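Examining the three-dimensional arrangement
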Amino acid sequence: MIYWHIFWAFFLPGILGYGGGPASIPLVEKEVVDRYEWVTENEFSEMLAMGNALPGPIATKMAGYIGFQEGGVLGAIIGVFATVAPSLILMIVLLRLLMKFKDSPKVNLLTNLVRPVIAVLLAMMTISFFQNSYHGIGILQTAFIGLISFILLEKVKVHPAYVIAGSLVYGAIFLA
């Protein structure tokens, strides 16, 4: 039964997560944190940070990690397959239809209308992470990490992987 749960936990966000990656992250969080309770919100945010530091799509990395944690190697395979299956099915079945209407004004309008929804989902997840961080380590540590990360990313132009790794090291040394 666990394999079925792993499959659905990643298949549904793959279907509903328009645009892949960032759009599906809040949906994956809802499944693995709230519905199945496989990880806590803290663990999910740490997994998301580590996944962003690694190359490749974030959703497949999370599916592989959680799938392995819950169901071993077979669970990881099922999780990754469930993540890519919706896109794979759509590519195979609907490719001709998509090519026919790709320049349609209605399709472009739909895409433009969905983008704000994705932005709101990401904003809600960000607010949730900040609230969780505030309650976990306090406002000063949260503000310090946020400010230093902003400066490193926007002013110094440090690669995000190094900022994430540095934040993890900071947390391990000073907040453990």
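Residues numbered from 1 in each chain as written. Predicted model: local features only at pLDDT ≥ 70, side-chain atom pairs only at ≥ 80, totals over all residues. Heavy atoms only, no water.

To keep things clear, this is the line we draw: UniProt positions are given in the numbering used here, feature names are shortened, and annotations may be inferred rather than shown by experiment.
As recorded in an unreviewed UniProt entry, the protein chain goes by Chromate transporter and comes from Niallia hominis. One UniProt comment on the protein chain, placed under Sequence similarities (unreviewed entry), says "Belongs to the chromate ion transporter (CHR) (TC 2.A.51) family." Database annotation for the protein chain, UniProt heading Subcellular location (unreviewed entry): "Cell membrane".

1. Thoughts on the overall build of the protein chain
Under the convention used in this document: Secondary structure elements follow DSSP: runs of H or I no shorter than four residues count as helices, runs of E no shorter than two count as strands, and numbering proceeds from the N terminus. Relative accessible area decides the class of each residue, using a 1.4 Å probe on protein chains only: under 20% of the type maximum gives buried, over 50% gives exposed, and in between gives partly exposed. Two residues form a contact once any of their heavy atoms are found within 4.5 Å. Exposure was quantified through the Shrake-Rupley algorithm and a 1.4 Å probe, taking into account, for residues, occlusion by the shown protein chains and nothing else. Asp and Glu count as negative and Lys and Arg as positive, but His and the ends of the chain are not part of the count. Charged side chains are reduced to one point each, which is NZ for Lys, CZ for Arg, CG for Asp and CD for Glu.
A count of helical and extended segments in the protein chain gives seven helices and zero strands. Projected onto its principal axes, the C-alpha coordinates of the protein chain cover approximately 55 × 40 × 25 Å. Here the protein chain holds 176 residues, and the buried ones make up 30% of them. Look at the contacts in the protein chain between residues 6 or more apart in sequence, and 56% of them connect residues 24 or more apart. For the protein chain, the computed accessible surface area is about 11,400 Å², with 71% contributed by carbon and sulfur atoms. Taking the average place of the 10 positive charges on the side chains of the protein chain and the average place of its 10 negative ones, the gap between the two points comes to 19 Å.

2. As for the pattern of salt bridges
We count it as follows: Salt bridges, as used here, are contacts in which a Lys or Arg side-chain nitrogen is within 4 Å of a carboxyl oxygen on Asp or Glu.
Counted under the stated rule, the structure contains two salt bridges. As a salt-bridge pair, D34 and K30 come within 3.4 Å of each other at their nearest N and O atoms. Here D34 pairs with K30, and both are found in helix 2 (residues 21-35), just four residues apart, close to one helical turn. Its salt-bridge partner being E31, residue R35 comes within 3.1 Å of it at the nearest N-O pair. Here R35 pairs with E31, and both are found in helix 2, just four residues apart, close to one helical turn. Using a relative accessible area of 11% as the deciding quantity, one classes E31 as buried.

3. A word on the packing of helix 6 (residues 139-155) against helix 7 (residues 160-174)
The criterion, for reference: Angles shown run from 0 to 180 degrees and are taken between the N-to-C directions of axes, each axis being a line fitted to C-alpha atoms and, for helices, limited to the stretch in contact. For classification purposes, an angle smaller than 35 degrees is called roughly parallel, one larger than 145 roughly antiparallel, one from 65 to 115 roughly perpendicular, and anything else oblique. If you view the pair so one helix is near and one far, a crossing is left-handed when the near helix is turned anticlockwise from the far one by less than a right angle, and right-handed when it is turned clockwise.
Where helix 6 contacts helix 7, the two axes come as close as 10 Å, and the packing angle between them is 155°. For the element pair helix 6 / helix 7, the angle class is roughly antiparallel. Once helix 6 is placed against helix 7, the crossing between them reads as right-handed. Contacts between helix 6 and helix 7 involve Q141, F144, I145, S149, L152 and L153 from the former and P160, V163, S167 and Y170 from the latter.

4. Some words on helix 4 (residues 58-101)
Rule in force here: Every helix has an expected span of 1.5 Å times one less than the residues it contains. To obtain the bend at a residue, axes are fitted to the seven residues ending there and to the seven starting there, and the angle between these axes is taken.
Taking 1.5 Å per residue, 44 residues should reach 64 Å; helix 4 reaches only 29 Å between its end C-alpha atoms and comes up short. Most pronounced at G71, the bend in helix 4 amounts to some 145°.

5. Observations concerning the UniProt feature "transmembrane region" (unreviewed entry) in the protein chain
Within the UniProt annotation, "transmembrane region" (unreviewed entry) is assigned to residues 6-28, 74-97, 109-130 and 136-153. Annotated as residues 74-97, this span is 100% helix and 0% strand, and its ends, taken at the C-alpha atoms, are 34 Å apart. With 100% helix and 0% strand, residues 109-130 has end C-alpha atoms that lie 33 Å from one another.

6. Things to note about the packing of aromatic side chains
For clarity, the threshold we go by: Aromatic rings from Phe, Tyr and Trp, with only the six-membered ring used for Trp, were paired whenever their centres fell within 6.5 Å, and each pair was classed as stacked if the ring planes differed by under 30 degrees, edge-to-face if by over 60, and tilted otherwise.
If you walk through the whole model with that rule in mind, you get eight aromatic pairs. Seen in terms of ring centroids, W4 and W8 are 5.4 Å apart; in terms of plane orientation they differ by 75°. Their pairing is edge-to-face. Of the two residues, W4 and W8 both sit in helix 1 (residues 2-16), four residues apart, roughly one turn of that helix. Judged by its relative accessible area of 49%, W4 is partly exposed. According to the relative accessible area criterion, W8 is partly exposed, its value standing at 27%. Aromatic ring contacts, followed pair by pair, group W4, F7, W8 and F11 into a single cluster.

7. What about the nonpolar core?
Where we set the bar: Side-chain atoms within 4.5 Å link the members of a nonpolar core, which is a set of buried Ala, Val, Leu, Ile, Met, Phe, Trp, Tyr and Cys residues.
Of all hydrophobic cores here, the largest spans 24 residues; its most connected members are F10, I25, V32, W38, F44, L48 and M62. At the level of secondary structure, the elements contributing two or more residues to this core comprise helix 1, helix 2, helix 3 (41-53), helix 4 and helix 5 (105-137). By residue number, the principal contributor to this core is helix 4, which donates seven residues. Not counting chain neighbours up to four residues away, the residues in contact with F44 comprise I25, V28, E29, V32, V33, V39, M62 and F129.

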